Amino acid sequence: MSATSLRSEVRFSSGNDTCAAWLYPGTNGACVVMGPGYGVTKEPGTDRFAAAFAAAGFTVLAFDFRHFGASGGEPRQVGRIADQLDDFAAAVAFARTLPDVSPDRIAIWGFSLAGGHVFRLAATLPGLAAAVAQTPNADGLAATRNAGTFTTGRALARVTGRGLFDAIGGLFGRPPRLLPLTGPPGTVAMLSTPDALDGDAALDPDGAYAGWSRTVAARAVLTLPVYRPGRDAARARCPLLVVVADDDRTALAEPGVAAARSAPDAELVRVPGGHYAPFLAGHEAVVAAEVSFLERRLAR
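Owing to the predicted nature of the structure, the values given are computational and were not obtained by experimental measurement.

So, on to the overall build of the protein. The number of helices and strands found in the protein is 10 helices and 10 strands. At 18 Å, the protein has a C-alpha radius of gyration in line with the 19 Å of a compact globule built from 300 residues. Burial status across the protein gives 58% buried among its 300 residues. At a minimum sequence separation of 6, the contacts of the protein that also span at least 24 residues come to 74%. Carbon together with sulfur atoms contributes 56% to the accessible area of the protein, which is approximately 11900 Å² in total.

This model, assessed by the stated rule, comprises 10 aromatic pairs. Arranged with centres 5.1 Å apart and planes meeting at 80 degrees, the rings of phenylalanine 63 and phenylalanine 88 form a pair that is edge-to-face. Here phenylalanine 88 lies in helix H3 (residues 81–95) and phenylalanine 63 lies in strand S4 (residues 59–63), a separation of 25 residues in the sequence. Judged on exposure class, the residue phenylalanine 63 and its partner phenylalanine 88 are both buried. An angle of 70 degrees between the planes, with centres 6.0 Å apart, marks the rings of phenylalanine 65 and phenylalanine 88 as edge-to-face. Here phenylalanine 88 lies in helix H3 and phenylalanine 65 lies in the loop between S4 and H3, a separation of 23 residues in the sequence. Just as phenylalanine 65 is buried, phenylalanine 88 falls in that class too. The rings of Phe12, Phe63, Phe65, Phe88 and Phe94 are connected pair by pair, giving a single aromatic cluster. Against the face of tryptophan 22 rests arginine 7, its NZ or CZ located 4.0 Å from the ring centre.

Now for the side chain of glutamine 77. Here glutamine 77 shows up in the loop between S4 and H3. Overall, glutamine 77 belongs to the buried group, its relative accessible area being 10%. Sequence-distant contacts of glutamine 77, defined by excluding residues within four places in its chain, comprise His67, Phe68, Leu178, Ser213, Thr215, Val216 and Ala217.

Looking now at the packing of helix H2 (residues 42–55) against helix H10 (residues 283–297). Two measures define how a pair of helices packs: the angle their axes make with one another and the distance between the axes. At their nearest, the axes of H2 and H10 sit 10 Å apart, and the two run at 45 degrees to each other. Relative to H10, the element H2 is oriented oblique. In this structure, H2 crosses over H10, and the sense of that crossing is right-handed. Taken together, the residues of H10 that come into contact with H2 (itself represented by Arg48, Phe49, Ala52 and Phe53) are His283, Val286, Val287, Glu290, Val291 and Leu294. Per-class residue counts for the contact of H2 with H10 are seven nonpolar, one polar and two charged.

Another point: unusual backbone geometry. A cis amide bond links glutamate 74 to the next residue, proline 75, at an omega of -5 degrees. Note on placement: proline 75 falls in the loop between S4 and H3. Phi at glutamine 77 is positive, roughly 70 degrees, even though this residue is not glycine. A positive phi angle is found at threonine 135, which is not glycine, with a value near 35 degrees.

Across the sheet, which stays open at both edges, the eight strands sit in the order S1-S2-S4-S3-S5-S6-S9-S10 with mixed pairing between neighbours. This sheet does not close on itself; its edge strands, each paired only once, are strand S1 (8–14) and strand S10 (266–271). Sheet twist, expressed as the average angle between the axes of neighbouring strands with direction ignored, equals 20 degrees. Note: strand S9 (residues 240–245) against S10, six bridges, orientation parallel. Bridge assignment links leucine 241 to a residue of S10, and that residue is glutamate 267. Across the sheet, H2 lies against strand S2 (17–24), strand S3 (31–35), S4, strand S5 (106–112) and strand S6 (130–136), angled at about 35 degrees from S2, the strand it touches most. Across the sheet, helix H4 (residues 113–124) lies against S3, S5, S6 and S9, angled at about 140 degrees from S5, the strand it touches most.

Reading the values: rules and limits
- Residues numbered from 1 in each chain as written.
- Predicted model: local features only at pLDDT ≥ 70, side-chain atom pairs only at ≥ 80, totals over all residues.
- Heavy atoms only, no water.
- Helix = DSSP H or I, 4+ residues; strand = E, 2+ residues; numbered from the N terminus.
- Rg over C-alpha atoms; globule rule 2.2 N^0.38 Å.
- Buried < 20%, exposed > 50% of the residue type's maximum accessible area, 1.4 Å probe, protein only.
- Contact = heavy atoms within 4.5 Å.
- Areas by Shrake-Rupley, 256 points an atom, 1.4 Å probe, with all protein chains shown as cover.
- Phe/Tyr/Trp six-rings, centres within 6.5 Å; stacked < 30°, edge-to-face > 60°.
- Lys NZ or Arg CZ within 6 Å of the ring centre and 35° of its normal.
- Axes fitted to C-alpha atoms, helices over the stretch in contact; angles between N-to-C directions.
- Parallel < 35°, antiparallel > 145°, perpendicular 65-115°, else oblique.
- Left-handed = near helix turned anticlockwise from the far one by under 90°.
- Nonpolar A, V, L, I, M, F, W, Y, C, P; charged D, E, K, R; others polar.
- Pairing = 2+ DSSP bridges.

Rendered as structure tokens:
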């Protein structure tokens, strides 16, 4: 029987809302709490890795951030960094209450922006046993500057303008002005780097996730450039595994490498390919590295 068929849907409180999560049963007493990338829901963002971790004996809690997927929160498709960090902390707190989980054997996992969250949480959230940052957005400023080389002045102005109007409208309770999550270079989209277009093939190759809305509120373009969580890696309180893709044109590899090198206890895995390489050609190698890390770092 597959790990996916054994999972159950649970909910936990975060702020004034609840987050929806898949709970995969485990056998070894350790738990991996998983957060998907920005604008990505838990199914395309975690299913394949969660199934591998569960098959290795780990309990897995894979959740949707508030305002996305099956989680609560209005308005929809609005991603606030502070809220997402709180959601991760709430997920860890919930995992500690699970009957088959040892509270001191919990790891966190995130990719892309959530991989950046991993650095900050590893430094600020007490009691974590390990953390995995997969193709993390460790430096929003560097990523934004790089993204600017793959667009046009007109497209950049339209994206920024939509972000400003969305932020102002949000102050007056107006519905979000949405951006497509990805688009070809030079188009009006949240991500228009060359490897951003690999997202559908990487995360939803069979078209199984029809409910995933591939949009985000445009106001995010104003806040993500100043988010630089890789700087927190130097204060990490738990072992880190950092997985970078050498040809990543979305989050970039070097900020993740720098974060790993600054951490007190970190392992670095490099794979060829773009931002979504761990979901594509590099999948088996990355899964093997992550399972090995979790088994060693969460061993009783």
